[in-house]
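Working through the structure, step by step
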Amino acid sequence: MKPEDVPQKYFEVTKIIYNNGEFAVAFGYYDGDTAVPRLAMRWNHYPDDRGFPLLKNQEPAWFQLPNSSVWFSKMLQAVNEVQAFEVQMKDEFKHEGRLQLREY
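Residues numbered from 1 in each chain as written. Predicted model: local features only at pLDDT ≥ 70, side-chain atom pairs only at ≥ 80, totals over all residues. Heavy atoms only, no water.

1. So, the side chain of N20
Rule in force here: A run of DSSP states H or I qualifies as a helix once it reaches four residues; a run of E qualifies as a strand once it reaches two. Both are numbered from the N-terminal end. Polar contacts, as used here, are pairs of N or O atoms within 3.5 Å; protein pairs need one atom able to donate a hydrogen and one able to accept it. Residues neighboring in sequence count only if both atoms are side-chain atoms.
With respect to the secondary-structure elements, N20 resides in the loop between strand 1 (11–19) and strand 2 (23–30). There is a polar contact of 3.2 Å between the side chain of N20 and the side chain of Y18.

Here it is, written out as structure tokens:
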């Protein structure tokens, strides 16, 4: 499931800050509390098309990180590092003529 299609019953997504097709990280608000911004993440297509996590009723959902400025800065830094690594690997694969990474 695409991250933008996940029902926003409890977590309102304001911006998807990372999505490589398999894994996504979003910025948003929990349960209507716009005073407390949060980061959340999910796997888009694992173990099936609904992705993970799922609520008890099997509805797709977002896993929210603890509300702390430490998490925000560390997670955003990690997202930037992952994106840079993916670009580097894609360039190396193309240069070496190996199999290419999947495009989403």
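Read on for the rest.
2. Thoughts on the confidence of the model for the protein chain
Under the convention used in this document: pLDDT expresses, on a scale from 0 to 100, how confident the predictor is about each individual residue.
The share of residues in the protein chain with pLDDT of 70 or more is 85%, and the mean pLDDT across the chain is 83. Looking over the protein chain, one finds the lowest element-wise mean pLDDT in helix 1 (residues 69–96), namely 75, and the highest in strand 1, namely 92.

3. Let's talk about the sheet that holds strand 1
Basically, it comes down to this: In this analysis, strands are considered paired if DSSP registers two or more bridges between them.
Read from one edge of the open sheet, 4 strands run 1-2-3-4, paired in antiparallel fashion. The open sheet has two edge strands, strand 1 and strand 4 (63–64), and neither has a second partner. Sheet topology places strand 3 (residues 37–43) next to strand 4; 2 bridges connect them, and they run antiparallel. Paired with M41 across the strands is F63, a residue of strand 4.

4. Comments concerning the side chain of N44
Operational definition: We call a residue buried when its accessible area falls under 20% of the maximum for its residue type, exposed when it is over 50%, and partly exposed in between, using a 1.4 Å probe and counting protein chains only. Only heavy atoms enter the contact rule, under which two residues are in contact if any of them lie within 4.5 Å.
Within the fold, N44 resides in the loop between strand 3 and strand 4. On the basis of relative accessible area, N44 is assigned to the buried category, the value being 2%. If sequence neighbours within four positions are ignored, N44 has contacts with M1, P3, N19, G21, E22, F23, A24, D49, R50 and G51.

5. Quick notes on the pattern of salt bridges
To be explicit about the condition: For salt bridges, the criterion is a side-chain nitrogen of Lys or Arg within 4 Å of an Asp or Glu carboxyl oxygen.
Enumeration according to the criterion identifies 1 salt bridge in this entry. Across the pair D48 and R50 runs a salt bridge whose closest N-O atoms are separated by 2.7 Å. A relative accessible area of 28% means that D48 is categorised as partly exposed. With relative accessibility at 29%, the residue R50 sits in the partly exposed group.

6. Quick look at unusual backbone geometry
In this chain, Y46 is followed by P47 through a cis amide linkage whose omega measures 5 degrees. Residue position: P47 is located in the loop between strand 3 and strand 4. The amide bond that connects F52 to the next residue, P53, takes the cis arrangement and shows omega of 10 degrees. Considering the arrangement of structural elements, one finds P53 in the loop between strand 3 and strand 4. Even without glycine at this site, D31 takes up a positive phi of about 50 degrees. Mapped onto the elements of the fold, D31 is located in the loop between strand 2 and strand 3. Here Q58, not a glycine, exhibits a phi torsion of approximately 70 degrees, which is positive. With respect to the helices and strands, the residue Q58 is situated in the loop between strand 3 and strand 4. For Q58, a relative accessible area of 41% puts it in the partly exposed group.

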